[in-house]
Amino acid sequence: MNAKDIANKLLVVVGGPTGVGKTAVSIPLAQHYKTEIVNADSRQVYKELNIGVAKPSAEQLTSIPHHLISHVSIHDHYSAGHYTTDALNIIYTLFARHDVVILSGGTGLYIKSIIEGFDAMPDIPVEVTTHWTKVWELEGTFPLIRILEEVDPDYLAIVDQSNYSRLIRAVSVCKFTGKPFSSFRLGSQPERLFSIVPIVLDLPRKDLYQRINDRVLEMMKLGFLDEAKQLYPFKNLKALQTVGYKELFEVIEGLSALDEAILKIQQSTRNYAKRQLTWFRNQGRWHTMDPEDISGMIVLIDALRKHK
């Protein structure tokens, strides 16, 4: 397709915190526009993770074509850079036969990479990242912060120093390449020729937290503990450093009672949802919508299509 054709296409981004109901919104929107859905959840890409990452049900997946769900293994190295390439290729392919495409998920980095672009980072061998992950597990964030103080104070000045995964990533890049992590963060924003409608779903905090608590209980009924037991041999893999699995691994190890773990999962998930909401609110001009107001979303999308 040429640039003129792409300019007439619309990517509808359905974002929001975990448990808010993104799947329940995305499917009827996709049905209305006779289109398809591209996943933007960093854990639903893994084929081995199911109940614990609240994947759409088999019925939902067959009702509308979904992309980038269960397409890689937890044993594969899959980065945000890989996701960006995969998602853009699919989005452009879908635009060849659809005027509207739905991008749905709650992983801010994935969504931001599609809307604004993503700095290309060097591929770091798994053993390098594993080494620095073990350093963090044994000694905490202090040695990682100390390294960044020496080799990349510019990045240390802006990074959330409590976010261990970002510290591990930065130190791994610095040590493997011999260059500051910040030198790869170009901040360049490639032009997106298609138009974007960013919608963030939101609920009153009390209602959202109740949904989260109920969903965790439903996940347990569906067999989340059994799923965690099957994945326990791989508990140190990056893909399994995820809310829910970590708490159930402690149950399997006899370090926690199941009832206690369920409460921890609910609390950790609520905390994660709060961080997601903060991220979306800091992104600028998103359209905040109630998950029940699908007709309002259609009115919004159609109005923007007419003004393109």
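Summarised in this report is the structure supplied together with it. Nothing here was measured: the structure is a model prediction, and the numbers come from that model. (Residues numbered from 1 in each chain as written. Predicted model: local features only at pLDDT ≥ 70, side-chain atom pairs only at ≥ 80, totals over all residues. Heavy atoms only, no water.)

**Structural notes on the pairing of strand S4 (residues 100-104)**
Part 1: With five of five residues buried, S4 is to be regarded as a mostly interior element.
Part 2: Of the two faces of S4, the one carrying Val100, Ile102 and Ser104 and the one carrying Val101 and Leu103 are both buried.
Part 3: Both strand S1 (residues 10-15) and S4 contribute to a ladder of five bridges, which runs parallel. If you follow Val12 over to S4, its bridge partner there is Ile102. (Buried < 20%, exposed > 50% of the residue type's maximum accessible area, 1.4 Å probe, protein only. Helix = DSSP H or I, 4+ residues; strand = E, 2+ residues; numbered from the N terminus. Pairing = 2+ DSSP bridges.)

**Comments concerning the sheet that holds strand S3 (residues 66-67)**
Part 1: Across the sheet, six strands lie side by side as S3-S2-S4-S1-S5-S6; this open sheet has parallel pairing. Where the open sheet ends on each side, the last strands, each with one partner, are S3 and strand S6 (287-289).
Part 2: The strands touched by helix H2 (residues 22-33) within the sheet are S1, strand S2 (37-39), S3, S4 and strand S5 (195-201), with S4 carrying the most contacts at an inclination of about 170°.
Part 3: Along the sheet, helix H14 (residues 294-306) makes contact with S1, S4, S5 and S6, crossing S5 at roughly 160°. (Contact = heavy atoms within 4.5 Å. Axes fitted to C-alpha atoms, helices over the stretch in contact; angles between N-to-C directions.)

**Thoughts on the packing of aromatic side chains**
Geometrically, a pair of aromatic rings is defined through the distance of the ring centres and the angle of the planes.
Part 1: This model, assessed by the stated rule, comprises ten aromatic pairs.
Part 2: With centroids separated by 5.7 Å and ring planes inclined at 70°, the aromatic side chains of Tyr232 and Phe249 adopt a geometry described as edge-to-face. Here the residue Tyr232 occupies a position in the loop between helix H11 (224-231) and helix H12 (245-252), and Phe249 occupies one in helix H12, the gap between them amounting to 17 residues.
Part 3: The buried category is assigned to Phe249, whose relative accessible area is 5%.
Part 4: Linked through ring pairs, Phe224, Tyr232, Tyr245 and Phe249 together constitute an aromatic cluster. (Phe/Tyr/Trp six-rings, centres within 6.5 Å; stacked < 30°, edge-to-face > 60°.)

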